[in-house]
Amino acid sequence: MFRITSATAADLFDIAATRRIEETAAKALPPHTLMQRAGLAVARFAMAVAPHARVVWVACGPGNNGGDGFEAAAQLQRRGFRTVATRIGDDDRLPADAQASLRRAREAGVTFAEAPPTQYELAVDALLGIGSARAPSGAMLDWLRRMAEGTAPVLSIDTPSGLDADTGAMAANYLQADSAQARRICLSLLTLKPGLFSAHGRDAAGEVWFDDLGVAGIVDSPVARLPGLPAATRRHHASHKGSYGDVAVIGGAPGMAGAALLAGSAALNAGAGRVFVALLDPGAPALDQLRPELMFRRPDTLDLSGMTVVSGCGGGAAVGELLPHILQTADALVLDADALNGIAADPALQKLLKARSGLSTVLTPHPLEAARLLGSNTGEVQRNRLAAAQDLAKRFGAIVALKGSGTVIAQPDGTPVINVTGNARLATAGTGDVLAGMVGAALAARLAPMAATCEAVWRHGDLADQWPEEIPLTAGALAGGCLPVAR
Ligand SMILES: NC(=O)C1=CN([C@@H]2O[C@H](COP(=O)(O)OP(=O)(O)OC[C@H]3O[C@@H](n4cnc5c(N)ncnc54)[C@H](OP(=O)(O)O)[C@@H]3O)[C@@H](O)[C@H]2O)[C@@H](O)CC1
Ligand SMILES: [K+]
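- For the protein, an unreviewed UniProt entry supplies the name Bifunctional NAD(P)H-hydrate repair enzyme and the organism Variovorax ureilyticus.
- The annotation that UniProt attaches to the protein under Subunit (unreviewed entry) is "Homotetramer."

Considerations on the packing of helix α3 (residues 64-78) against helix α4 (residues 96-108)
Okay, so step 1: Viewed as axis vectors pointing N to C, α3 and α4 meet at an angle of 25 degrees, and their least axial separation amounts to 8 Å. Classed by the angle they form, the pair α3 and α4 counts as roughly parallel. In terms of crossing hand, the pair formed by α3 and α4 is left-handed. Counted together, N64, G67, F70, E71, A74, Q75, Q77 and R78 of α3 and D97, A98, S101, L102, R104, A105 and A108 of α4 form the full contact between these two elements.
Okay, so step 2: Here the contact of α3 with α4 is composed, by residue class, of six nonpolar, five polar and four charged.

Description of the site of ligand 1
Okay, so step 1: If you check the shell around ligand 1, you find 24 residues, and the closest are N65, D68, G129, R134 and D158.
Okay, so step 2: The backbone of N64 places a nitrogen or oxygen atom 2.8 Å from an oxygen atom of ligand 1.
Okay, so step 3: The contact in question runs from an oxygen atom of ligand 1 to an N or O atom on the backbone of G129, over 2.6 Å.
Okay, so step 4: Relative to its unbound accessible area of 930 Å², ligand 1 is 81% covered by the protein chains.
Okay, so step 5: Contributions of two or more residues to the shell around ligand 1 are made by α1 (15-27), α2 (33-49) and α3.

Conventions used here
- Residues numbered from 1 in each chain as written.
- Chains lettered and ligands numbered in written order.
- Predicted model: local features only at pLDDT ≥ 70, side-chain atom pairs only at ≥ 80, totals over all residues.
- Heavy atoms only, no water.
- UniProt positions renumbered as here; feature names shortened; annotations may be inferred.
- Axes fitted to C-alpha atoms, helices over the stretch in contact; angles between N-to-C directions.
- Helix = DSSP H or I, 4+ residues; strand = E, 2+ residues; numbered from the N terminus.
- Parallel < 35°, antiparallel > 145°, perpendicular 65-115°, else oblique.
- Left-handed = near helix turned anticlockwise from the far one by under 90°.
- Contact = heavy atoms within 4.5 Å.
- Nonpolar A, V, L, I, M, F, W, Y, C, P; charged D, E, K, R; others polar.
- Near = heavy atom within 4 Å.
- Polar contact = N/O pair within 3.5 Å; in protein donor to acceptor, adjacent residues only side chain to side chain.
- Areas by Shrake-Rupley, 256 points an atom, 1.4 Å probe, with all protein chains shown as cover.

Dropping the structure here:
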């Protein structure tokens, strides 16, 4: 059993694969073994989370997730914890494994109650796991709300109830209330699921822990993976600024120069050899006094053929006119914000983007920009972030970093990555420009496009995670805090 952190590299399996893995493992073991292991793992974990609990409330659902709950309740009761179970569902409709665990809970002396205890020190959510089929309602929803709004920690078995383990979508968001305050922990069993790390998954699951139930040697294909720590890249002593590449930031229409400067300064701090800034505002000053290293050029004077171009960044509609040239000549390319909107609105630009397939091209849309490129809407994108990012990557032959809670990095072929660094403090203007600049620097340093994007996204989120609480996180400060890709 271990905790998932930003350093964890791991495969993620969808519900279908998890069921296949469970079936194969169950066949190789005596009946009921997996559920007993699951219940024991949960009970041990519960004791570590709340060692002094006088009452543990276990809310059990009508399927095998509820079975894991009965089993955990039995184990806790046997270890001297007063355990109160509330349950949804009829005895005779329970799956066989769950029926066996229900009997064991009764034999162990677990208290079965109609309503939750008024006082408890730990709540165990065993209502729904990967079999969640619709929005929780009635007593189930009441209990989930009560847990979320209580002060005792909530331990979700396998998945938070009602969460789609494939997508992280929540059919009924019982966490939306401002009163939701409980510490949340999820113990994922057998496999780690992508929905725990994307969309609503992060908020619903809280801390994620994993127990493989002793089932090793999984042969199924993962649907995504957690990337783990970026590989450390060393700078050779005999290197020069040319070794780390040129980045050209093209953006900054009138009134938006700041976006381009943020991307430029992030690229510089992230280690690019030289950074050129081509502002689309003819009246913009040709020097940043605070960053004299940034070299200002007119967009039409830059030879993009040997450069990594970062485009978008406050480019407004003006960037659209330059995009045909950029798409056809940039050596490596990061497209963000206005560049993506320009492409979404123009089939000719889409054709030019597709024609770059095989070259280094990275798109960094937020969900609305992704929706425009896909011709769908934000709700649709958020309902299945993995699928949306993969669809975009395939459609345009590019690496796609779909930003948001659990940024998804997809490639045209190959397993996508879900990034686990970052937090809501990044939800402020300009942080996307900083990310685009960081990706640009990583591409300019000749990292492969997928690795460059994963690394930049990880570092960008990690900066926010390490940010001191008492210091405001602004995009400018974030750009200033970037560390070089290679050190
Ligand atoms: N077998 C084993 O040994 C092991 C099993 N494991 C555990 O099993 C879990 C998967 O079990 P599962 O397949 O039974 O699904 P589960 O999540 O319990 O729910 C299905 C039930 O809920 C019902 N239902 C659905 N939505 C509902 C709603 N909104 N409101 C009310 N009811 C709703 C649905 O009813 P129906 O849709 O048929 O009407 C059905 O009755 C997995 O997550 C893990 O915890 C692992 O520990 C490994 C060992
Ligand atoms: K659960």
